[in-house]
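# Structure at a glance
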Amino acid sequence: MHKLLILYATQTGNALDAAERLSRLAERRGCLVFLLSLDQYDPSLLPQEEAVIFVVSTTGQGDTPDSMKVFWRYLLQRNLGQHWLKGVHYAVFGLGDSSYQKYNFVAKKLEKRLLDLGGTAIVERGLGDDQHPSGYEASLDPWMSSLWRMLNMIKPEFLSNGPDVVIEDTVLIDQPKVRITYHSIENVESHFSSASDLTSLNIQIGSARSMHPGKSSSDRSRPDSFLKTVKNLPLTRLNSGKDVRHFEFEFVSNALEYETGDVLEILPGQDSAAVDAFIQRCNLDPDSFITVSPREMDDQNAHHSSIPVKLKTFVQFSMDVDSASPRRYFFEVMRFFATAEHERERLQYFGSPEGRDDLYQYNQRERRTVLEVLDDFPAVQMPFEWLVQLVPPLKTRAFSISSAQSVHPNQVHLTVNVVSWTTPYKRKKKGLCSSWLAALDPRDGIYVPAWFHKGSLPTPSPSLPLILVGPGTGCAPFRGFIEERALQSRTNSTAPVIFFFGCRNEDGDFLYRDFWLSHSQNKGVLSEAKGGGFYVAFSRDQPQKVYVQHKMREHRQRIWNLLAEGAAVYVAGSSTKMPADVTSTFEEIVSKENDVSREDAARWIRALEKCGKYHVEAWS
């Protein structure tokens, strides 16, 4: 039988959601489907495939998701000729955000490479946009219709039920992908009885997260270490419109080594009352011990592969019940477990093409949580297997580290913007992780599960001149850079550093004001006496807005002189317009100071990027 291969690369889960939807709809058309993450697939087998659909997201500044990196490197090998994929039919759907400069860059470059290697496109690539009022699904639905139609024309043997099959709505044809096994308490206690509190917590988090079906194969389920809060200090003035905090954590378990520019991921604690409300709403027993395994795994393997955990522990550490919005498929499955006619009708409408926009407004735009949705449909009673499969996984949140370990040996510092907003229907919402961190009291001794990894900002050597641009919380990694360089400058000569910082008001949100000013005076590493400089743009302290780009233009000659001396550029902060505007300003400066065309200046900056001297770390 002919198989359709669907390969996906996801960072936040949307590409997986889209790929699973494609898979379900292909199966309903009589197609045999293999669905795999790109890091689970051997790229050398690609020439043997008949038809492949790629669903890939673009992250950060045009970056490939982690799960795609090895696959992409393989595809870029020069020895793969222009006929390597001859006879292979492919289709590409990309997920991106048009507010970013490199919108859907990964899907675009993947399609070009597949074409260069001799592949044949089944259908024109589809590009989903987070900025669309209906999100990426606004493009996915029409793209899928074209895909089935074209696939049926090119290879009719794939879709035995035809391209336009409609399945009766009265039966749920899918099975949950997971199986829950319940365990007696006697068989479980031994795992935890002799362990210390910290070890026991580590085992419980690791077991719960490793069993969740939404776990990426590259995830490390157990935390690298546990931290405790030493300081939680506000950096912004009350009523400034922002709440930014400085956190200092100490290692409670083993102190891990990290470098400036690294990233710390934190697993946020969920509100215990919300977890209890979810368990009660779904008629579950919080104290039962469970393991979760893929349905296709045999009993023997399922029984031995995981350590049982309490159901409440599993929900608490792996299921996001009170912050993330459920996916569209959640509503489709809910319909089959709705016992009230009016609820079933509403859910059926949400699942239809006509109801797609209303579902997007109700769900994603309002950021409804799983708990809120279940409360809105009280007649729905979903089996726990479906809930485990469909409730979004509880994700870690990543933060740029704002300290140098050489200065704070047993500590790690973070600069966190406490997120809150009002939805279109005037509902107050808070960011799960930042609001949880903001509520931490050093006296409570709460353990913070943490993972360390490399970010986009490599640690600079002391002899490398630096041009840093970090408005708002973008200053976080550069606080670590300056701490480290100040320490290095005590014993060795160091290269100059220029830092451009931006905020709204001098007296409202000038983050780490005293720190920067102390290093920009008395021959500090940011002082002009040392060839450096510290320049601040206050955007709202005067009638006309002033941003970091304006300050860069004011000091364009100094920027060009440092660039000519081989300086590296580091940009960090909000991912919307800032990175693109800053890049454009650098191009403008190179063009004017070097007396070259704007196109040549853009090429010059791209060359800087390629040789590892232009780095961007941006977050939304």
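Quick caveat: nothing in here was measured; it's all calculated off a predicted structure. (Residues numbered from 1 in each chain as written. Predicted model: local features only at pLDDT ≥ 70, side-chain atom pairs only at ≥ 80, totals over all residues. Heavy atoms only, no water.)

### Here we look at the overall build of the chain
Quick reminder of the rule: Here a strand is any run of E in DSSP of at least two residues, a helix any run of H or I of at least four, and the numbering for each starts at the N terminus. Each radius of gyration reported is based on C-alpha atoms, and the globular scaling rule is 2.2 Å times the count of residues to the power 0.38. Working definition: with a 1.4 Å probe on protein chains only, accessible area under 20% of the residue-type maximum means buried, over 50% means exposed, and in between means partly exposed. Residues count as neighbours in contact if any of their non-hydrogen atoms are within 4.5 Å of one another. All accessibility values rest on the Shrake-Rupley procedure with a 1.4 Å probe; residue burial counts only the protein chains present in the view.
Along the backbone of the chain there are 21 helices and 22 strands. On C-alpha atoms alone, the chain measures out to a radius of gyration of 26 Å, which is about the 25 Å that the 2.2 N^0.38 rule sets for 620 residues. Along the three orthogonal principal directions, the C-alpha set of the chain runs to about 75 × 60 × 45 Å. The buried share among the 620 residues of the chain stands at 54%. Long-range pairs, those at least 24 residues apart, make up 78% of the contacts in the chain between residues at least 6 apart in sequence. Carbon and sulfur atoms provide 48% of the accessible area of the chain, an area that totals close to 27800 Å².

### Some words on the state of the cysteines
The criterion, for reference: In this description, a disulfide is simply a cysteine sulfur pair whose atoms lie within 2.5 Å.
Under the definition given, this model contains zero disulfides. Free cysteine C433: the closest other cysteine sulfur is in C475, separated by 18 Å. Left unpaired, C503 is separated from the closest cysteine sulfur, that of C475, by 9.3 Å.

### Quick notes on the UniProt feature "domain: Flavodoxin-like" (unreviewed entry) in the chain
Selection rule: UniProt positions are given in the numbering used here, feature names are shortened, and annotations may be inferred rather than shown by experiment.
Here, the residues flagged by UniProt with the feature "domain: Flavodoxin-like" (unreviewed entry) are residues 4-148. The straight-line gap between the two end C-alpha atoms of residues 4-148 is 12 Å; of that span, 32% is helix and 23% is strand.

### A closer look at the packing of helix 11 (residues 341-351) against helix 12 (residues 356-365)
How two helices sit against one another is set out by the angle between their axes and by the gap between those axes. Selection criterion: For every element, the axis is a line fit to its C-alpha atoms; helices are fit only across the contacting stretch, and the angle between N-to-C directions ranges from 0 to 180 degrees. Working definition: roughly parallel below 35 degrees, roughly antiparallel above 145 degrees, roughly perpendicular at 65 to 115 degrees, and oblique for all remaining angles. Lys, Arg, Asp and Glu make up the charged group, whereas Ala, Val, Leu, Ile, Met, Phe, Trp, Tyr, Cys and Pro make up the nonpolar group; the residues left over, Gly among them, are polar.
Two elements in contact, helix 11 and helix 12, have axes separated by 6 Å at closest approach and are oriented at 105°. Taken together, the axis directions place helix 11 and helix 12 in an arrangement best described as roughly perpendicular. In this structure, helix 11 contributes R346, Y349 and F350 to the contact, and helix 12 contributes R356, D358, L359 and Y362. Residue classes in the contact of helix 11 with helix 12 are distributed as four nonpolar, no polar and three charged.

### Examining empty space enclosed by the protein
Over the atoms rolls a probe the size of a water molecule, and in doing so it shows where empty space is left. Short version of the rule: Think of a 1 Å grid over just the protein atoms. A cavity is a set of points where a 1.4 Å probe fits yet cannot get out, a pocket is an open set with protein on both sides within 12 Å along at least five of seven lines, and lining residues have an atom within 4 Å of a point. Grid points are joined across faces, edges and corners, and a volume is the space filled by probe spheres set on the points.
Overall, the coordinates contain four cavities of 30 Å³ or more when judged by the stated rule. T260, T459, P460, F481, E484, R485 and Q488 are the residues that line the largest cavity. Within the lining of the largest cavity, the residues separate by chemical class into two nonpolar, three polar and two charged.

### Re the sheet that holds strand 7 (residues 178-183)
The strands making up a sheet associate through hydrogen bonds between their backbones, and the pairing can be parallel or antiparallel. Test applied: Only when DSSP finds a minimum of two bridges between them are two strands counted as paired.
As summarised here, the arrangement of the three strands in space is 7-11-12, forming an open sheet in which the pairing is antiparallel. For this open sheet the edge positions go to strand 7 and strand 12 (309-310), each flanked by a neighbour on one side alone. When strand 11 (residues 289-294) meets strand 12, the two strands line up antiparallel, connected through two bridges. Residue pairing for strand 12: I290 is matched across the bridge by V309.

### Concerning the pattern of salt bridges
To keep it simple, the criterion reads: The term salt bridge refers to a side-chain nitrogen of Lys or Arg lying within 4 Å of a carboxyl oxygen of Asp or Glu.
Counted according to the given criterion, the structure contains 33 salt bridges. Between D141 and R328 there is a salt bridge; the shortest N-O distance is 3.2 Å. Separated by 187 residues along the polypeptide, D141 in helix 4 (residues 137-154) and R328 in helix 10 (residues 328-335) bring together distant segments of the chain. The class for D141 is buried, based on a relative accessible area of 14%. Because the salt bridges share partners, they merge into one network encompassing R21, E137, D141, R328, R356 and D357.

### With respect to the pairing of strand 4 (residues 89-96)
Spelled out, the test is: When the strands point away from the viewer, a crossover counts as right-handed if the path from the first strand over the helix to the second runs clockwise.
With eight of its eight residues buried, strand 4 lies for the most part within the structure. Of the two faces of strand 4, the one lined by H89, A91, F93 and L95 and the one lined by Y90, V92, G94 and G96 are each fully buried. As defined by bridge partners, strand 3 (residues 51-57) adjoins strand 4 across seven bridges and the pair is classed as parallel. By the bridge assignment for strand 4, V52 is matched with Y90. When strand 4 meets strand 5 (residues 120-121), the two strands line up parallel, connected through two bridges. Bridge assignment links Y90 to a residue of strand 5, and that residue is A121. Where the polypeptide runs from strand 4 across helix 3 (residues 105-116) and back to strand 5, its parallel neighbour, the crossover connection is right-handed. Here strand 4 pairs with strand 6 (residues 126-129) via four bridges, running parallel. Note on strand 6: the bridge partner recorded for G96 is D129.

### A short note on the side chain of T291
Quick reminder of the rule: Residues adjacent in sequence count toward polar contacts only when both atoms are side-chain atoms; beyond that, a polar contact is any pair of N or O atoms within 3.5 Å, and within protein one must be able to donate a hydrogen and the other to accept it.
Structurally, T291 is set in strand 11. The class of T291 is buried, set by a relative accessible area of 2%. Here H183 takes part through its side chain, which lies 2.8 Å from a polar atom of the side chain of T291. Not counting the four nearest positions on each side in its chain, T291 is found in contact with R179, I180, T181, H183, M211, S306, I307 and P308.

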